[in-house]
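Now for the letters of each chain:
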Amino acid sequence: MNAPLKHSAGYWGTKTNFASLLEHISKIGPVLEENAVATEKLGKLNEPTFEALKPLRMSHIFATEELGGAQLSPTQGLQLIEAITYHSGAAGWVSMVHACIGAMSAAFLPDTAISRLFGGGTDNRFSGQGTPTGMLKKVDGGYLLNGKWSYASGIHHATFTHTAALLDDGNGHPAKDENGNVVVLCAHAPVGEHGLLGNWSVLGLQGTGSIDYDAKDVFIADDMVFPIMTAEPQRQKEFFSLGVVGLAAIGHSGWAIGASRRMLDEMAKFAVTKTGRAGMLGESDKFWFDYGRAEARVRATRAFLFEVWREVEASIEAGKRVSTRQITLVHLAKSEVHEAGVDACHFVYRAAGGASLRDGIMQRTYREMLVAANHFTINTNIVGAAGREIGGLWSDRVWQFYDLVEKK
């Protein structure tokens, strides 16, 4: 893996030794790899995998040191998720979900909720869904949550859910704000208060346990919600001005670069064993040309990703909130590392022939990359909006969740 990046002092945490986190991942790498097949068959991280990851406290890597977190920078988070994913796609996916949702909770909930979720040496982990397919009805002291949600990655190893829901206007219809927009709140509740419904029979990333879950009159205290579309950071206002979407981008991007790197490394290892006589894969000029092109593109998109995030960090360290253009570039970099990864995986799958067809790292990574690239956060509408913003057509707009909207 690449060498850790250095940062200027003053904004990011100093109590956690980042190099030691990377060393821990290197140490547990063989454990993650040895258990990848068992995790996939189980449909969630198996116990040895979860126990190996636990000391990293991924739900706390972006939380402030005041809350018992590591207060890492985005590029440090990218490197951790990349490194875990290199050894196990499922472990990397669950880790990035816990990290990003943990960051959102640490960023946007009020102090009273934060003291319960992060204080006193607690080690909570967060999972859930940001699509509002349920409703919250106001009652004394809080809300009642009802509904059903899908894709709750890592919920089997989480302690609290993070669930988007429409606010009920009192008549069973979505409430609207003064601008006529529906009100979407993100609610937090203990995982045990939900029904875990299964429904995770999929092409790849089976080991993430991204199941459906529901809520039936689950009580949510007033201070355990935040407005997911328009949340204002309650602490570290510069960093958390990234919003829910920007924080999620760290996780998805880190996962993609870790999986892409592993796929190309596996291809190279396989190809060098197929040399010695004409006609073998490792003797083909065409193969090595295509491999070189895939290698160049994966490295180039990773470099673009880190260039974008270094610029974001420089703004944050200078005391500035993240700009519309910076979020635009975050979206473009996130999309491009996935596109490069998909192309690299297609190349490897075709070039390796029977070796990638059968069970193994190449086949599993190929399936996982195809699933990752289908995630909503990588959809073409986001990239199209980013293109319009850079091209000047929508230069007067701002990002709200995954939409580039006119300024109010």
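Residues numbered from 1 in each chain as written. Predicted model: local features only at pLDDT ≥ 70, side-chain atom pairs only at ≥ 80, totals over all residues. Heavy atoms only, no water.

Participant: Quick rundown of the layout of surface pockets? Include the residues and the values.
Facilitator: Space inside the largest pocket adds up to approximately 880 Å³. Around the largest pocket, the lining comprises 38 residues; the ones closest to its centre are Gln129, Tyr151, His252, His375 and Phe376. Breaking the lining of the largest pocket down by element, the ones donating at least two residues are α5 (89-108), β1 (126-129), β3 (142-152), α7 (243-271) and α11 (361-372). Considering every element that reaches the lining of the largest pocket, the biggest residue donor is α5, with 6 residues. Its residues placed into classes, the lining of the largest pocket shows 22 nonpolar, 15 polar and 1 charged. Put simply, the second largest pocket is a space of about 500 Å³. Lining the second largest pocket are 23 residues, with Ser241, Leu242, Gly243, Trp399 and Gln400 positioned closest to its centre. (1 Å grid on protein atoms, 1.4 Å probe; cavity = no way out; pocket = protein on both sides within 12 Å on 5 of 7 lines; lining within 4 Å. Points joined across faces, edges and corners; volume = space filled by probe spheres on them. Helix = DSSP H or I, 4+ residues; strand = E, 2+ residues; numbered from the N terminus. Nonpolar A, V, L, I, M, F, W, Y, C, P; charged D, E, K, R; others polar.)

Participant: Quick rundown of the pairing of strand β2 (residues 134-139)? Include the residues and the values.
Facilitator: Relative to β3, β2 is paired through 6 bridges, and the arrangement is antiparallel. By the bridge assignment, Val139 is partnered in β3 with Gly142. Here β2 folds back onto β3, and the loop between the two strands holds 2 residues, one of which, Gly141, carries a positive phi near 80 degrees. Sheet topology places β2 next to strand β4 (residues 160-167); 2 bridges connect them, and they run parallel. Looking at the pairing, Leu136 lines up with Leu167 of β4. (Pairing = 2+ DSSP bridges.)

Participant: Got a sec to walk through unusual backbone geometry? Specific residues and values, please.
Facilitator: Most peptide bonds take the trans configuration, and most residues that are not glycine carry a negative phi. One non-glycine residue with positive phi stands out, namely Arg57, at about 50 degrees. You can see Arg57 is positioned in the loop between α3 (47-53) and α4 (74-87).

Participant: I'd like a rundown of α7, residues and numbers included.
Facilitator: Taking 1.5 Å as the rise per residue, α7 with 29 residues should run 42 Å; its terminal C-alpha atoms sit 43 Å apart, in good agreement. With 26 of 29 residues buried, α7 lies mostly within the body of the structure. (Expected span 1.5 Å × (residues − 1). Buried < 20%, exposed > 50% of the residue type's maximum accessible area, 1.4 Å probe, protein only.)

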